[in-house]
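Residues per chain are reported as follows:
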Amino acid sequence: MNKPVISAQDIVAFGKVAVLFGGNSAERNVSLASGTAVLNALQSAGVDAHKFDPVENPIGDLVSSGFDRAFIILHGRGGEDGSMQGALQLLGIPYTGTGVLGSALAMDKVYSKQVWSSLALPTANYKVVTKAQVNSAKKPNYTDILAHLSGVAMVKPAREGSSIGMAKVSSAAELENAVKQALEYDDDVLVEQYINGPEYTVTILNGAALPSIRMATPHVFYDYDAKYNDKTTEYHCPSGLDDATEKSIGELALSAFKGLSGKGWGRVDLMRNELGNFMLLESNTVPGMTETSLVPKAAEQAGLSFEQLVLQILASSLE
């Protein structure tokens, strides 16, 4: 990809930068790791960057402390769902990444699938189970739901990341129990037909798709431990796709990202089914930036150092 040079003038133009990380979502620990890495890289590049944890500081302090812009690295609710983006817009502070609408859409797996389906983009069959349905006199028919989804399904809280609250199920009893657990994180639960194939991810950076990554894990699926703790998880970048397929998956990821009003940077996750077709899973508007995260791996394959990556993300806030 073309790598715009971040000049000394750009560094000065950034002004005083608040790196927003931490927060109070279920992904706080991941955000702390991501934010620390981003902050260190920006400071190493000469940017006047400072930590800002919304749990420790009122949002109004961004104005009173004279911040010129914000680098959002808050994962999950409160940072990735449009609420922080809306607050920053009201405060008149430019920020990195996707805006209010796109953040809210991408954060909600159900709405994401509905948008993609309306655009004829490929995604697995699904059902939605709500807390209201579970608590009503007429309970969900878990046997029918599973049968509709070919007997094996993934259960996901509608608005959580990092695979939190997810489970693979193959019986009505397992589905009922998994839904109950997922409802501890959200009032809506996505029950998605299981895709038996490899998982891929494509990073989007300023309108371009970076090289895809294929993940392989001995876990039942690419869960939280596989992402952040298990050293046996394998990341293949290049992912092993031929040039035509690599181009195709990149174009699909860009269409999915743009379809949800994504901007700046992000990541789109997909799986390849038994027929060889790619199916969209979700779009992440504030992906992880830890040592084991996928975006830095893709950027490295594209010839970008971690420092160059964060500077390009920050540069989008100048537009």
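Before reading further, recall that the structure is shown in the block above.
Chains are numbered independently. Their residues run from 1 in the order of the written sequence. Two thresholds apply to this predicted model, a pLDDT of at least 70 for residue-level local features and 80 or more for giving and counting side-chain atom pairs, whereas whole-chain, interface and lining totals are computed over all residues. Derived side-chain values reflect all non-hydrogen atoms in the structure, with water molecules and hydrogen atoms excluded from consideration.

1. A word on the overall build of the chain
Then, in step 1: Broken down by element type, the chain carries 13 helices and 13 strands.
Then, in step 2: Each radius of gyration reported is based on C-alpha atoms, and the globular scaling rule is 2.2 Å times the count of residues to the power 0.38. For 319 residues, the compact-globule estimate of 2.2 N^0.38 gives 20 Å, and the C-alpha radius of gyration of the chain, at 20 Å, lies within 12% of that figure.
Then, in step 3: Principal axes of the C-alpha set define a box for the chain whose edges measure 60 × 45 × 40 Å.
Then, in step 4: By definition, residues are in contact when any of their heavy atoms lie within 4.5 Å. Look at the contacts in the chain between residues 6 or more apart in sequence, and 68% of them connect residues 24 or more apart.
Then, in step 5: Summed over its atoms, the accessible surface of the chain is roughly 13700 Å², and 50% of this surface lies on carbon and sulfur atoms.
Then, in step 6: Think of it this way: Lys and Arg go in the positive column, Asp and Glu in the negative one, and His and the chain ends go nowhere. The atoms used to mark charge sites are NZ of Lys, CZ of Arg, CG of Asp and CD of Glu. Within the chain, the 35 negative side-chain charges are centred at a point lying 3 Å from the centre of the 25 positive side-chain charges. Secondary structure elements are defined from DSSP: runs of H or I of at least 4 residues count as helices, runs of E of at least 2 residues count as strands, and each element is numbered from the N terminus. Note that accessible areas follow from Shrake-Rupley with a 1.4 Å probe, and for residues the cover is restricted to the protein chains shown.

2. Description of the nonpolar core
Then, in step 1: The term nonpolar core refers to a set of buried residues drawn from Ala, Val, Leu, Ile, Met, Phe, Trp, Tyr and Cys, joined through side-chain atoms within 4.5 Å. Classification of residues uses two cut-offs on accessible area relative to the type maximum, computed with a 1.4 Å probe and protein chains only: under 20% is buried, over 50% is exposed, and between them is partly exposed. Leu20, Leu42 and Phe71 are the most contacted members of the largest nonpolar core, which has 45 residues in total.
Then, in step 2: With six residues, the top contributor of residues to this core is helix α13 (residues 306–315).
Then, in step 3: The residues touching Leu42, leaving out its near neighbours within four places in the chain, are Val19, Val47, Ala49, Phe71, Val310, Leu311 and Leu314.
Then, in step 4: The next biggest cluster of nonpolar side chains, apart from the first, holds 20 residues, and it includes Val115, Val202, Leu254 and Phe257.

3. Remarks on the environment of Ser248
Then, in step 1: Within the secondary structure, Ser248 sits in helix α11 (residues 243–259).
Then, in step 2: Sequence separation of Ser248 and Phe278 is 30 residues, and the distance between their C-alpha atoms is 9.4 Å.

4. Some thoughts on the pattern of salt bridges
Then, in step 1: Salt-bridge detection follows one rule: a side-chain nitrogen of Lys or Arg within 4 Å of a carboxyl oxygen of Asp or Glu. As enumerated under the stated definition, the model contains nine salt bridges in all.
Then, in step 2: Between Lys156 and Glu192 there is a salt bridge, with the nearest N and O atoms lying 2.6 Å from each other. Residue Lys156 is found in strand β5 (residues 153–157), and its partner Glu192 is found in strand β7 (residues 188–193); the two are separated by 36 residues along the sequence.
Then, in step 3: The class of Lys156 is buried, set by a relative accessible area of 4%.
Then, in step 4: Take Glu192: its relative accessible area is 1%, and that puts it in the buried class.
Then, in step 5: A salt bridge links Asp188 to Arg159, with the nearest nitrogen and oxygen atoms 3.0 Å apart.

5. Concerning the packing of aromatic side chains
Then, in step 1: A pair of Phe, Tyr and Trp rings is counted when the ring centres sit within 6.5 Å of each other, with Trp represented by its six-membered ring. The angle between the planes then sorts it: under 30 degrees is stacked, over 60 is edge-to-face, the rest tilted. All told, the structure shown has three aromatic pairs when counted by the stated rule.
Then, in step 2: Considering the side-chain rings of Phe52 and Phe67, the 6.2 Å spacing of their centres and the 85° angle between planes classify their relative orientation as edge-to-face. Of this pair, Phe52 sits in strand β2 (residues 48–52) while Phe67 sits in the loop between α3 (61–64) and β3 (69–72), placing them 15 residues apart in sequence. When sorted by exposure, Phe52 lands in the same class as Phe67, which is buried.
Then, in step 3: Taken together, a centroid distance of 5.4 Å and an interplanar angle of 80° make the contact between Tyr200 and Phe278 edge-to-face. Taken together, the residues span a long stretch of sequence, with Tyr200 in strand β8 (residues 199–205) and Phe278 in strand β13 (residues 278–284) at a distance of 78 residues.

6. Brief notes about the packing of helix α2 (residues 28–44) against α13
A packed helix pair is summarised by two numbers, namely the angle formed by the two axes and the spacing between the axes.
Then, in step 1: Running from amino to carboxyl end, α2 crosses α13 at an angle of 90°, the nearest separation of the two axes being 9 Å. Accordingly, the angle class assigned to the pair α2 and α13 is roughly perpendicular. Where α2 approaches α13, its residues Ala37, Val38, Ala41, Leu42 and Ser44 are matched on the opposing element by Phe306, Glu307, Val310, Leu311 and Leu314.
Then, in step 2: Along the lines of polarity and charge, the residues of the contact of α2 with α13 split into eight nonpolar, one polar and one charged. To get an axis, a line is fitted to the C-alpha atoms, and for a helix only the part in contact is used. The angle between two axes follows their N-to-C directions and goes from 0 to 180 degrees. Just so you know how the angles are binned, under 35 degrees is roughly parallel, over 145 roughly antiparallel, 65 to 115 roughly perpendicular, and the rest oblique. Charged means Asp, Glu, Lys or Arg here, nonpolar means Ala, Val, Leu, Ile, Met, Phe, Trp, Tyr, Cys or Pro, and polar covers whatever is left, Gly included.

7. Quick word on α11
Residues that lie three or four places apart on an α-helix share one face, since the helix turns once every 3.6 residues.
Then, in step 1: An expected span of 1.5 Å times one less than the residue number is assigned to each helix. For α11, built from 17 residues, the straight-helix expectation of 24 Å at 1.5 Å per residue is met to within 8% by its first-to-last C-alpha distance of 24 Å.
Then, in step 2: Of the positions making up α11, those classed as buried are Thr245, Ile249, Gly250, Leu252, Ala253, Leu254, Ala256 and Phe257.
Then, in step 3: In this structure, the buried residues of α11 make contact with α6 (109–118), β8, β9 (208–209), β12 (265–272) and β13.
Then, in step 4: Polar contact is defined as a pair of N or O atoms within 3.5 Å, subject to the rule that within protein one atom must be able to donate a hydrogen and the other to accept it, and that residues adjacent in sequence are counted only when both atoms are side-chain atoms. Capping the start of α11 is the job of one residue whose side-chain oxygen sits 3.1 Å from the backbone nitrogen of Ala244: Asp242.

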